[in-house]
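For reference, the chains in residue letters:
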Amino acid sequence: MKCATCGAPIEAGMEKCPYCGSTTSYGETLLEEKIRRKENAERQKRIENLPRMKFVSGAFIPLLYFFTLCWYAPIWYGLRMRSLNALNPPHALPAWAVGLYNLTWLAIIILSGWEEQFGLTPEQGKFILNSLLGVATALSMWLALLTRSILQSYAAKFLEGNIAVHTVAPSNVLLLLFGPMYLQYQINNMISMELLAPQI
Ligand SMILES: [Zn+2]
């Protein structure tokens, strides 16, 4: 091995040329490695200090919906409420609304098809079910919009405001149709973008 600066012969594994003091190619590789390791450690530390949020595989969510007769949607807000409100949002998810949404959905599951067992006429059953569905739909839309605003205002700390709005849950149609299914997908994205840390 020869020094690239002065041409003096140098032993392999020397970081600096003993004659002219310039850094050898081995020394440069070592330095680069050191910088890379430091950057990696800083990145890890930064992620560890981020707020945590649960990651749920995209393929798994429709199954959860199916096996819980869509009750997973209200449950999801109950499960995420604490982590979401810990992001210090301007408007937090109200526990009463999450509770009411769960109760309404549970009532719908219990009542549908069992109207007679509860001593109701088909008309009464239909009226009650429609009312419950109306309440559940209103709550689901409101909670979905609130959750999106929480995620967007949090993302705006990292991304510029208007970029956050275009990055986090930008579609109104998908948000109102799929609610937590769409929102969880956004949270998964935010974890991949290293805006949030995955909950263990
Ligand atoms: Zn040299």
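Scoring rules and cut-offs
- Residues numbered from 1 in each chain as written.
- Predicted model: local features only at pLDDT ≥ 70, side-chain atom pairs only at ≥ 80, totals over all residues.
- Heavy atoms only, no water.
- Helix = DSSP H or I, 4+ residues; strand = E, 2+ residues; numbered from the N terminus.
- Rg over C-alpha atoms; globule rule 2.2 N^0.38 Å.
- Buried < 20%, exposed > 50% of the residue type's maximum accessible area, 1.4 Å probe, protein only.
- Contact = heavy atoms within 4.5 Å.
- Areas by Shrake-Rupley, 256 points an atom, 1.4 Å probe, with all protein chains shown as cover.
- Lys, Arg positive; Asp, Glu negative; His and termini not counted.
- Charge placed at Lys NZ, Arg CZ, Asp CG, Glu CD.
- Domains from an automatic or database assignment.
- Donors = N, O, S within 2.8 Å, 3.2 Å for Na, K, Ca; no water.
- Axes fitted to C-alpha atoms, helices over the stretch in contact; angles between N-to-C directions.
- Parallel < 35°, antiparallel > 145°, perpendicular 65-115°, else oblique.
- Nonpolar A, V, L, I, M, F, W, Y, C, P; charged D, E, K, R; others polar.
- Phe/Tyr/Trp six-rings, centres within 6.5 Å; stacked < 30°, edge-to-face > 60°.

Draft legend 1. Fine view of the overall build of the protein chain. Within the protein chain, the secondary structure is distributed over eight helices and two strands. Walking the protein chain from its N terminus toward its C terminus, one meets helices and strands in the order α-β-α-α-α-α-α-α-α-β. Its C-alpha atoms give the protein chain a radius of gyration of 28 Å, clearly above 16 Å, the size a compact globule of 200 residues would have. For the C-alpha atoms alone, the extent of the protein chain along its principal axes is close to 100 × 30 × 25 Å. Taken over 200 residues, the protein chain has a buried fraction of 36%. Looking at the protein chain alone, contacts between residues at least 24 apart form 61% of all its contacts between residues at least 6 apart. Carbon together with sulfur atoms contributes 63% to the accessible area of the protein chain, which is approximately 12400 Å² in total. Of the charged side chains in the protein chain, 16 are positive and 13 negative; the average position of the first set lies 4 Å away from that of the second.

Draft legend 2. Molecular detail of unusual backbone geometry. Notably, Leu69 is not glycine yet its phi reads approximately 50°, a positive angle. When you line up the elements, Leu69 lands in the loop between α2 (60-67) and α3 (72-85). Non-glycine residue Ala169 carries a positive phi angle of around 45°. Mapped onto the elements, Ala169 comes out in the loop between α6 (161-167) and α7 (172-178). Its relative accessible area of 0% is what places Ala169 among the buried residues.

Draft legend 3. Region of interest: the domain arrangement of the protein chain. Structurally, the protein chain comprises domain 1 (1-49) and domain 2 (56-198). For domain 1 versus domain 2, the separation of C-alpha centres amounts to 52 Å.

Draft legend 4. Inspection of the coordination of the zinc ion at higher detail. Protein-derived ligands of the zinc ion are Cys3 (SG), Cys6 (SG), Cys17 (SG) and Cys20 (SG), with the metal-ligand distances lying across 2.2 to 2.4 Å. Expressed as a motif, the donor residue spacing for the zinc ion is C-x2-C-x10-C-x2-C. Of the two residues, Cys6 sits in the segment before α1 (25-48) while Cys20 sits in the segment before α1, which places them 14 residues apart along the sequence.

Draft legend 5. Layout of the packing of helix α5 (residues 122-155) against helix α8 (residues 180-192). For the pair α5 and α8, interaxial distance at closest approach is 11 Å and the crossing angle is 10°. With respect to their mutual orientation, α5 and α8 come out roughly parallel. Along its contact with α5, which presents Ala144, Thr147, Arg148, Leu151, Tyr154 and Ala155, the element α8 presents Leu183, Ile187 and Met190. In the contact of α5 with α8, the residues fall into seven nonpolar, one polar and one charged.

Draft legend 6. The arrangement of the packing of aromatic side chains in detail. Under the definition given, this model contains six aromatic pairs. Considering the side-chain rings of Phe66 and Phe67, the 5.2 Å spacing of their centres and the 85° angle between planes classify their relative orientation as edge-to-face. Taken individually, Phe66 and Phe67 each receive the classification exposed, so the pair is uniform in this respect. Here Trp96 and Trp142 contribute two aromatic rings whose centre-to-centre distance is 5.8 Å and whose plane-to-plane angle is 35°, an arrangement assigned as tilted. Of the two residues, Trp96 is situated in helix α4 (residues 95-111) and Trp142 in helix α5; the sequence distance between them amounts to 46 residues. By relative accessible area, which is 37% here, Trp142 ends up partly exposed. Among the aromatic side chains, those forming a connected cluster through ring pairs are Trp76, Tyr77 and Tyr101.

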